[in-house]
Structures are given as C-alpha cells and as structure tokens.
Amino acid sequence: RTWLDCKNPQKADIFLHLAIKSLETLYSKLTSRTDGSYDSTLSKEDVEKDLLRVLSFQAESALCQGNNAEALTCIQRCKDMLLRLPKDTAYLSLMCYNFGVDTYNMRKFEDSAIWLSQSYDIGKINVKYAPGSEIQAKILRLLATVYLEWDCQRFQEKALNAVNLANKECMSTSGLYLKIRILQTCGASDDDIRAGLNEILEAEAALEECLSTVNLLMSEDREVLAFEFLKRVCQHFEASPDLGTALVLHAELLLQRGKELLAKQKIEDIITDHYTGKQLSPQALTCLHVMLWDKACKYFEARNYPEALQWYNYSLSFFKAGQLDPNLAKLQRNRVSCFLQLKQLEKAKDAVKEAQRSDPDSIFTHFSVYKVAVLENNVERAAEALDAIGLLCKAPVSSEDRLLVSEDAASHLLKLAAQMALENEQQETAMKALESLCESSKDAGLVLSALRCLVRLVLSATEQLTEGMSNGNLDVLLPYLKMERLAALLPDGGERTEHADWFRKIAWNSALYCEKCPDRMRDFFVLSYQLSQLCPPDRGLLTGQKTCLLMAAAASLELCRKSPLSDQQTEELTRVLEQIQTCWEVWKTLKASGNLSVDPTDTLLLLLYEFEARAKLNDPKVETVLEAVLELQNVEPKVLETIAALAMEPPAHFPRLCKKALRVALALHRKQPQADLTRCSKCVHSLIKLSLPSGVSEVEARVLEEVWEYYEEALSMIAASPDDFPEMETLWLLTRAWNTGILLYSLAPYPAAERWCGLAMSFVRHLGSLQQSYGTQMSTLYSKILDRLDRAK
C-alpha cells in the first residue's frame, strides 16, 4: 500500500505477488482441515478478506501502469468473492468509482465508462451493503457526463438512460440540470427540454440552480425557452428575498440580446420595486451596478454621452440621499465626465460637490474638481486641485481605495491635466500640472518629457512678448534645467545623448537672451557646458564648450565689477579661474586633435579674464599672466592699456605692472606709421600720474628721473606733431611739472626745483590758444621763482 501511495506500482507488485502467494498457501492449508470448526471457518473468511484487499490493490497498481484489462481481471475476482463477503460491496463499488473518476480526469472516457458501470453494478449485487442510493445516483450522473463529453450524439440514449436512472435512484437538481445539458447537446426538441424544465420546478430546485439552467439555455441559443423559464422562475420565487437576482439576470440577458428598451423597462421596474418593499439583496445590487456601469462606459467610449448619463442615473437611483460611499463618489465622477462632454457645467459642478462629500481624499475626485475649474477658467481653483493631487501622490496609503491608485495612474492624471489645460489655452495651469508631474512621478522618461514640454511652453510665451526673454521668464526656465536633476533623469545610450544635446542647446540659446543679466547668463552657459559633457565629444562640441566657459567667465567678471568686494565675490573670482583653467584644457584637447584653427582672440580673452581675476584676488601670479600676454604676437596697444587699467582697478593695486603695460603700449603706439597722439598722450599721462610723487615722503631722485623721461617723451611727441597733440594734455603736463618744481623748492633742493620749473616753461610755447593767457602769467611767476632761487643760493 505504501509503495502505491509513493507512486511506485512496480515495487508494490513484488509485495502484492508475495502476499497473494502467502494467502493462497494459507487458504489451502485451512481448506485441507476437515474438522469444519467455527475457528477454521472464521480463519478462512479472514484470509478471503485479506485476499480481496490485495486483489483490489493489484487492480489499482495495474491501472496506474495503464493496464486496464488486468485491473478488470482483478476486480472480477473480487466480485466473485462478494457472495462470501457481502460486507465489502460498498468498498469495492467505491474503489471502481474512484477508478472511473481518475480515468475521467485523464479524458479516457471509454475506460471511465467501464469502471463507472462496474461500480454501479457492484452496488446492485447486495443492496443491503451497497453504498446507498445517493452514491449510486452520483455514479450514474458521472457516467452520463462521461457519455455526454465522449460523444453525445453517439451515446445519447446511454447518457439519458444513465441520468434518468440516477434521478430514479435519488432525485436531485444536479441530475435534472444534467438532463437538460444532455437534451440540449443532443439537439432535442423544445418540448422535450420544456418537460425537463418542468421537472426542475417540480423538484423545488433552488433559485440559484434555476438561474444556472437559464444561463445554460442561453448559451445554446434556446432564447425563447430561457426567457419563458426565467419568467416562470420569477413567478415561482416571487416571495423569495433573493428574487432580485433573477430580475437582474433578466435585465442582463435582455441587454445581451440587444433588447435595450425592454431592459430599460425591466430596470425601471426593479427601481420601483426596490423602493416599494422589494429591495435587492446586496449581492444582486452589486451585480446590477456593475452591469449598469459597464453599459454606461460603452456608451461613453462611443461618445454617446446622453445614453451614458442615463445608465449612470439608473445606478444613482439605488443610492439614498446623503449616503456616503466611495462607489457613489466614483459614480458622481463618471457623471461629471458626461456633463462636461455635454457642456452642462452647472450640473457637473453639482456632481463634483457630491463626489467631494462622499470621497474628499480621492485623487480622482480632485481631478474632477480640476476639470470643472479649467472649463470655468478658474486658475486658482485648478491650482488648488493640482496641489491636492500632488500631496496625495506623496502621502502614505491610508485606505483600500488608495491601493488601487498606482503612481502611474497619478502621473497619468497629471499628464491629462496638462493636456486639458493646453487644449483650453490655459498655459499657466498646464505648467502647474507639469511641475506637479515632475515632482511626484518616478518615471524618468515621463518627467523628461514633462520638462521638455515646460521649456517649450516658456519659450513659446517668450516669443509672443515684444520685449523678448524677460527676467521672469529666465527665472522660471532655469529651475527646469538644473544639471543635478537632468543627469539623474537622462537614460543611457543614444537617447541620453539626444536629450542632453536638446537641453544643451536650450541652455545656450537662453544664455544669449541674458545680455543685461550676467548672473543668469553665467548659469545658463555653465549648464550648457555641463550638459555638453554628456554628449560624445567632437570638434564642434569642444568648440562650444570653450565658448561656454569663456562666456561664463566673462559674465562672472561683469558681476564682480558691479558688486563691492566680499567673500561672495572672492568665491566668484575663484570660480572664474577654475573655468579658465578648464577652458585651457579644452583648448589643448582641440589643439591636440589637429583640427584647431588658431584664434588669437580667444587666447587673448582668456589671458585678459585670468589677469583681471587674479588682480582682483591680489594673486602674485598676475605678473606671469602679463608676461604671457607680452609674448603673444601682434598684441594691440589697446589690450595693454586695458591690462594697465585692470591692474589698478579696485581692489587690485599693481602700479608696477600697470606702468610696465603702459610703457609697452606707448612703445607700440610710437612704432605705428601714423601714431595716435591722443592715445600716446593718455599713456604718458597715466605713466606720469602713477610715477609723480604726491607728497614729501615720495620725493626720490630715481622716481624724478623716471618721470623726467616721460616728460621728454611727451616733448618729443609734441615737437614732432605740435598741432595733433591735445592742448589740454599739454596744459596738464605743464601744471604737473610746475607743481613738482614748487614742491622741490619747498624742500630746498633748488637746482632740481629750477630744472622742473624750467621744464614747465618749455610747454608754454606749445599751448596754442591758451599760450597768451598762460604765457604772461607763467613768465612773471618764473621770474619771481628765479629771483628767489638766486637769493636762496
């Protein structure tokens, strides 16, 4: 037995064979005794019982191995023994029944029919010890089912005989139902089936069984019989509390057969009965709601909104006034959708209020509020609804209903919200919806699409403005392009490059709008550079990176020029140096690729920006930058004048470097075929101003000699082109030389004082229109000074 239970019949056969051999030997010895005592007879019965069990096990083993004939042989031997062992009738009958069930499940209909017939026949051998009429009926019903599924046309008579015999053994609704199945499958006449239906009602079958029979009739296109029988069922169970189930099924079958008007009448009757004492059971009511919503949904999808609304209203009829139910909220939201499609805004608002009362914390309820607000052009109300949806997306699940609202569903709602706002030309609301989507969704692809849409909306709004990109637009746009956010969202592969390049170009173009906003220009150019690092490098991209860094540095320096010295400015200047260093590296990469056409302008700009940043930071390396500039070929004097100005622009203070740049600039000016004396005079002016002592403590012979050289340079320029040298500049030179002489006179070095006063007098004759007014006055003063000097000597 254990080997059989372990599904190893071959092993079991060994022990079964040994058992039979032992039992037969024992039985032979018991039979050979002639005393005929009671004990001897009892022992032989025990052996026969054991032998029957072992034979039945052998039959089971043979069947497991697919040997049906051997199994039948074993069972036949057992049947022969039942005359002596009548009490084992039920055991053997049920074993054959189990064999019939097993072969039926394996779809071996012929074998199953044989075993079920054997089971029934064995049960008839001894009625006293048979399994009972209920079991016999069950065996016959399964036998009828086997014939039905095997080949009903071929075994129609056997199937009907089996089921009729089963119903005689023990009448049951399952047997009557099976009879209807057989009659239908065999194509029996309506009268024959009607007779079977009468039997079901007479047998007092349960309502559920009757309705199953109705569905069976409908499945085989016995529509007339089905509705006829259903009508009789409703009459028969008129007093039953479950009658509503039959009425709902009636309406459902009418809808299935396209009899919509009759179905509506039936539903209206159900509604009337529901409120006049014949209430539907909760289960029947649920089935009816499902049917009504399904019908309404189909009409909504077909854009027949009046019909959809009517079916939803049927469902609404079963809810009591003031009832709080999440399903009622769903129903009201569906009605809102219908009203909005029908342009019935006031009715939609009423339905929304009811939905809010029943389920105020539902995302879908707030979405209905949003839809009404958009159509009303109520921007504030729409924004409140979007805020509520966003908060609910982030809040932990607190109800069973929220379990059905996946993150994807919430994101889909926000996407629809944006689309609806755009369709109604409400750009501000659409942007709010897209922002909520970006904040709540974890779908990187969806968020990227939303960000791109937001950027397009901002740019679209900008194009409509006569003044172009405003500060407000820039402030709105920049957060959408934050590098940390984009880097986390961008996918891998080619799609990553495509998105990064798109956002890079947007940042670049936005930076170009920021001429009056250096801080935003810097941010956009830096962002464009960062995004370009996510793209495959090529010559064009590297060139773009170089330009981005250069422009970002320029914008940062512009900010520093407009702001007072502070820790923040120091950080900004340090960033500028980092950007310049990175720009040099990009430049080297381009140069190494061999595709770089040397652009001295970029090189010069980088050096100028680096000089300015280091000068403002009082970095001693600023002198190295000046040397790098001087090593460049064909440096313009103007560049050196700019460097000179930067060297002394607060907080920078590098007078030595300033003078060095000015001297080179002056030399370059003088080398020109036609020197610009105005520019030359400014250089000399600056050199003298930087060098002349401003107090007693700064008077040194070395310094005076240096300044004297600048004056001689000025005199030589005036002598070469007296008409071109600026007259006011000549006057300034005269005045500063005279003041220097007077300062020296006060300090007692009289020869030096006389020399500087004499230098001042040498400029008088070059004053032009001012010579007459200044000449007389200066001559008189100079004579007095000489007299005083003579006396002092």
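Please refer to the structure placed before this passage.
Residues numbered from 1 in each chain as written. Predicted model: local features only at pLDDT ≥ 70, side-chain atom pairs only at ≥ 80, totals over all residues. Heavy atoms only, no water.

J.: What should I look at first to understand the overall build of the protein in this one?
T.: A tally of helices and strands in the protein yields 39 helices and zero strands. Relative to the 2.2 N^0.38 estimate, which gives 28 Å for 793 residues, the radius of gyration of the protein is 54 Å and therefore markedly larger than a compact globule would have. Counting over 793 residues, the protein shows a buried share of 46%. Sequence-distant contacts in the protein: of pairs separated by 6 or more residues, those separated by 24 or more amount to 64%. About 40700 Å² of surface is accessible on the protein, with carbon and sulfur atoms providing 51% of the total. Averaging the locations of the 90 positively and 108 negatively charged side chains of the protein gives two centres separated by 1 Å. (Helix = DSSP H or I, 4+ residues; strand = E, 2+ residues; numbered from the N terminus. Rg over C-alpha atoms; globule rule 2.2 N^0.38 Å. Buried < 20%, exposed > 50% of the residue type's maximum accessible area, 1.4 Å probe, protein only. Contact = heavy atoms within 4.5 Å. Areas by Shrake-Rupley, 256 points an atom, 1.4 Å probe, with all protein chains shown as cover. Lys, Arg positive; Asp, Glu negative; His and termini not counted. Charge placed at Lys NZ, Arg CZ, Asp CG, Glu CD.)

J.: Would you mind showing me how to read the packing of helix 7 (residues 133-151) against helix 8 (residues 156-169) here?
T.: Angle between the axes and distance between the axes: these two values describe a pair of packed helices. Contact geometry for helix 7 and helix 8: axes closest at 8 Å, N-to-C directions at 165 degrees. Classed by the angle they form, the pair helix 7 and helix 8 counts as roughly antiparallel. The element helix 7 and its partner helix 8 pack so that their crossing is left-handed. The segment helix 7 lies against helix 8, with Ser133, Gln136, Ala137, Leu140, Arg141, Leu143, Ala144, Tyr147 and Leu148 engaging Lys158, Ala159, Ala162, Val163, Leu165, Ala166 and Glu169. Looking at the contact of helix 7 with helix 8 residue by residue, the class counts come to eleven nonpolar, two polar and three charged. (Axes fitted to C-alpha atoms, helices over the stretch in contact; angles between N-to-C directions. Parallel < 35°, antiparallel > 145°, perpendicular 65-115°, else oblique. Left-handed = near helix turned anticlockwise from the far one by under 90°. Nonpolar A, V, L, I, M, F, W, Y, C, P; charged D, E, K, R; others polar.)

J.: Help me understand the side chain of Thr145, please; the structure alone is not making it clear to me.
T.: Structurally, Thr145 is set in helix 7. The exposure class of Thr145 is buried, given its relative accessible area of 13%. Other than its neighbours up to four places away in sequence, Thr145 contacts Tyr104 and Leu178.

That is the geometry; function is a separate question.
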